[in-house]
Amino acid sequence: MPTTDRSTVLTSPDHATVVDEVSSWLAIPADEVDRKFRHDRERVATAVRQMNTDALAGDPDAFYLQQLLLSRIYQTVMRIPEEPTAEGSVLVHEVTRLLERATITAEDRRIQPGTLESAPVEGRQYLSWLKDLVRGHRAFKHPYYTEFINRSARYEDLRTYVIQESVVDGRFDDFLAMMQVGTAGPAKMEVANNFWDEMGNGDPSQVHTRLFNLIYEVFDIREQDLEAAMTASDLLSGNLAVLLCRYRQLYPEAVGFLGMTEWLVPDRFRNVLRAWERLGLPDVGITYHRLHITIDSQHAAGWFHNIVLPAASSEYMRRGIARGTLWRVNSSARHLDERLANTWVAAQAAQPVAAE
Ligand SMILES: [Fe+2]
Ligand SMILES: [Fe+2]
């Protein structure tokens, strides 16, 4: 496991220490972790709780480290390892739950009180309400895409963009595979159709994650460089997707989260495509983004019709789908605000005017 090598981490040494400690467990077989470190349980849990408290209070380093640790733990359930890992360890699970609960609490606090309660009961009205929530949200046509990516992004900016997108685009097929467990009827068929599109409809050269990975080559991005390039918001967007897809009781939230991810793609990718063409970058990126402009609007329509509408007869589903939708757009808006603030255009605008 890589160590937490960010300079910002130096300001919160305790959090960095516990993150390094738990990270080091992940490469050890689960039973061994539980045997060897059982006496460390209380101390580690207390340290993780403190990190969560600090993150919730707005400490950016604590938030970064919290999401970094969660993303490392999630790698044990998202990747097939070459050696046994700590997957299944009771101790790691306890830490995971602390991190997950804190992540959920933080997202729930961002939901305007009363929003979930105001959802219409009737299916079609509910769907319109859900779409209006998103249409009226800052994340819907965010200036990061409509202005920056569209008009000003340079080669380096698109490289950063691809790295940031890798946590979702690079494994979207696995999210679908995870979230469909336990579904039946039209919902299962819809996810299956979507998944088959992800699989290039049976053509190995057209598998979407493969096409996305080809873009790494354009920018000379290596797998091992990804983690260090991620911000807390990058890590959070990947972590939220794993969190919602891995728990059956969060299925409704996953429906909202992934459905809105699909719905937001075509418009966003139109801007990415424009940047790609403007910069004259290799065709692989054009293929991937153009494909999704068409296919993801179909995916979203199918998702709404075959998954959201049939589920909307249940109060539990309506609430969860809306919650997952809001987690998606709220976290996306913060993510894009952060990206926009870190662009060269923003840096230039912040330059002090030279003294006369
Ligand atoms: Fe795709
Ligand atoms: Fe899609």
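Draft legend 1. Examining the overall build of the chain more closely. A count of helices and strands for the chain gives 17 helices and 0 strands. In terms of overall size, the chain behaves like a compact globule, its C-alpha atoms giving a radius of gyration of 21 Å where 356 residues would be expected to give roughly 21 Å. Dimensions of the chain, computed from C-alpha atoms along their principal axes, come out at roughly 65 × 55 × 45 Å. Within the chain, the fraction of its 356 residues that count as buried is 38%. Of all intrachain contacts in the chain linking residues separated by at least 6 positions in sequence, the fraction that spans at least 24 positions is 80%.

Draft legend 2. Representation of helix H9 (residues 172-179) within the structure. Residues of H9 that are buried include every one of Phe172, Phe175, Leu176 and Met179, and no others. Buried positions in H9, seen along its axis, are confined to an arc of 100° and lie on one side of it. Residues of H9 that are buried in the fold lie against helix H8 (155-169), helix H10 (185-198), helix H11 (208-218), helix H13 (232-246) and helix H14 (251-279).

Draft legend 3. Geometry of the domain arrangement of the chain. Considered domain by domain, the chain is made up of domain 1 (10-106) and domain 2 (120-343). For domain 1 and domain 2, the distance between their C-alpha centroids amounts to 26 Å. With 12 residues of domain 1 at the interface, the matching set in domain 2 holds 10 residues. Of all the secondary-structure elements, those providing two or more residues to the side of domain 1 that touches domain 2 are helix H4 (60-78) and helix H5 (90-109). In terms of residue count, H4 provides more of the side of domain 1 that touches domain 2 than any other element does, 10 residues in total.

Draft legend 4. Summary view of the packing of H9 against H13. Running from N to C, H9 and H13 cross one another at 25°; their axes reach a closest spacing of 8 Å. Here H9 is positioned roughly parallel relative to H13, judged by the angle of their axes. Where H9 crosses over H13, the two elements pack in a sense that is left-handed. Of the residues in H13, those in contact with Phe175, Met178 and Met179 of H9 are Ala241, Cys245 and Arg246.

Draft legend 5. How the structure looks around H10. With 14 residues, H10 extends 20 Å from end C-alpha to end C-alpha; this agrees with the ideal 20 Å at 1.5 Å per step. When H10 is considered as a whole, its buried residues turn out to be Ala187, Glu190, Val191, Asn194, Asp197 and Glu198. Viewed along the axis of H10, the buried residues span an arc of 120°, placing them on a single side of the element. Following H10 by one or two positions, Gly200 adopts a phi angle in the positive range, close to 65°.

Draft legend 6. Looking closely at the environment of Leu91. The topology assignment puts Leu91 in helix H5. C-alpha separation for the pair Leu91 and Asp157, spaced 66 residues apart in sequence, amounts to 40 Å. In contact with Leu91, other than residues within four places in its own chain, are Val33, Asp34, Phe37 and Arg41.

Draft legend 7. A look at unusual backbone geometry. Located in the positive-phi region is Asn201, a residue other than glycine, with phi close to 50°. Structurally, Asn201 is set in the loop between H10 and H11. Phi is positive for Asp220, which is not a glycine, with a value near 55°. Summarising the element assignment, Asp220 is placed in the loop between H11 and helix H12 (223-229).

Draft legend 8. Just the packing of H14 against helix H15 (residues 283-311), in detail. Running from N to C, H14 and H15 cross one another at 160°; their axes reach a closest spacing of 8 Å. With respect to H15, the axis of H14 lies roughly antiparallel. H15 is crossed by H14, and the crossing has left-handed handedness.

Draft legend 9. Local environment of the environment of Ala184. Following the sequence through the fold, Ala184 ends up in the loop between H9 and H10. Looking at Ala184, the number of C-beta atoms within 10 Å reads 8, which means it is exposed.

Draft legend 10. Looking closely at the environment of Pro186. With respect to the helices, strands and loops of the structure, Pro186 is situated in helix H10. Given 15 C-beta atoms within 10 Å, Pro186 falls into the partly exposed group. Every residue in contact with Pro186, bar those within four places of it in the chain, is listed here: Asn306 and Pro310.

Rules of the game
Residues numbered from 1 in each chain as written. Chains lettered and ligands numbered in written order. Predicted model: local features only at pLDDT ≥ 70, side-chain atom pairs only at ≥ 80, totals over all residues. Helix = DSSP H or I, 4+ residues; strand = E, 2+ residues; numbered from the N terminus. Rg over C-alpha atoms; globule rule 2.2 N^0.38 Å. Buried ≥ 20, exposed ≤ 12 C-beta atoms within 10 Å, placed from the backbone. Contact = placed C-beta atoms within 7 Å. Arc of directions from axis to C-beta. Domains from an automatic or database assignment. Axes fitted to C-alpha atoms, helices over the stretch in contact; angles between N-to-C directions. Parallel < 35°, antiparallel > 145°, perpendicular 65-115°, else oblique. Left-handed = near helix turned anticlockwise from the far one by under 90°. Expected span 1.5 Å × (residues − 1).

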